[in-house]
Amino acid sequence: MTEVTEAPDFSSALAVRLAAELYGLNASAGPLPSERDQNFLLAATDGRKFVLKIANAAEERAALDLQNRAMDSLAGAEEPLPCPRLIRSLSGREIETAAGPDGRNHFVRLVTYVDGTPLGTVHPKTRELMADLGRTMGGIAARLQTFDHPAARRDFLWDLAKGP
């Protein structure tokens, strides 16, 4: 299982700098919640929104490639599902590397922002909302049913198949 180290501790100012240097974005940055990584909502001056994802220093590149290929799979269908789209850096890479304030290297990615309201903040959770969620999750599950990647076969803290 991938070791979990402390989450990255990049400042919003450093996230703004990374967005400019790696992706050519002139944007402001605000923190988003994350368990083991660090995410920033980037609001570009042209009105577009993105999420700058800074991986935990212990994260393996293969796990991020798995996520990238899954996003590609969901986006490439005839009827795309609401999921982020990967943005390549100015150098054409899907995954960049940046040194954190503590000197550790972290993988960095940029994805499009999917607008919406976090489910945990919605009250009440109506029957219609839950039915829509079920349809969306069912669509994602159906689309990924034939998806495979070598990094999918690894120990992971949140693997529901290994729960009691």
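Residues numbered from 1 in each chain as written. Predicted model: local features only at pLDDT ≥ 70, side-chain atom pairs only at ≥ 80, totals over all residues. Heavy atoms only, no water.

Topic: the nonpolar core
In this structure, L25, F40, L42 and L52 are the most contacted members of the largest nonpolar core, which totals 19 residues. Those elements that place two or more of their residues in this core are helix 1 (12-23), strand 1 (27-32), strand 2 (38-44), strand 3 (49-54) and strand 6 (105-112). No other element matches helix 1, which puts six residues into this core. With residues near it in sequence (within four places) discarded, L25 still touches A19, A20, L42, A44, R48, F50 and L110. (Core = buried A, V, L, I, M, F, W, Y, C linked by side-chain atoms within 4.5 Å. Buried < 20%, exposed > 50% of the residue type's maximum accessible area, 1.4 Å probe, protein only. Helix = DSSP H or I, 4+ residues; strand = E, 2+ residues; numbered from the N terminus. Contact = heavy atoms within 4.5 Å.)

Here we look at the pattern of salt bridges
Under the definition given, this model contains ten salt bridges. A salt bridge links R69 to E94; the shortest N-O distance between them is 2.8 Å. With a gap of 25 residues between them, R69 in helix 2 (residues 61-75) and E94 in the loop between strand 4 (86-87) and strand 5 (96-99) connect regions that are remote in the sequence. Look at E94 and you get buried, because its relative accessible area is 17%. For R104, the salt bridge goes to D102, with nearest N and O atoms at 2.6 Å. Among the residues examined, R104 registers a relative accessible area of 28% and is labelled partly exposed. Salt bridges sharing partners connect three or more residues here, namely D65, R69, D72, R88 and E94. (Salt bridge = Lys/Arg side-chain N within 4 Å of Asp/Glu carboxyl O.)

Concerning helix 1
Across its twelve residues, helix 1 extends 16 Å between first and last C-alpha, which sits within 8% of the 16 Å expected from 1.5 Å per residue. Among the residues making up helix 1, those that are buried are L14, A15, L18, A19, L22 and Y23. Down the axis, helix 1 shows its buried residues gathered within 145° of arc, on one side only. The inward-facing, buried residues of helix 1 contact strand 1, strand 2, strand 3, strand 4, strand 5 and strand 6. Just past helix 1, the residue G24 takes up positive phi, approximately 70°. (Expected span 1.5 Å × (residues − 1). Arc of directions from axis to C-beta.)

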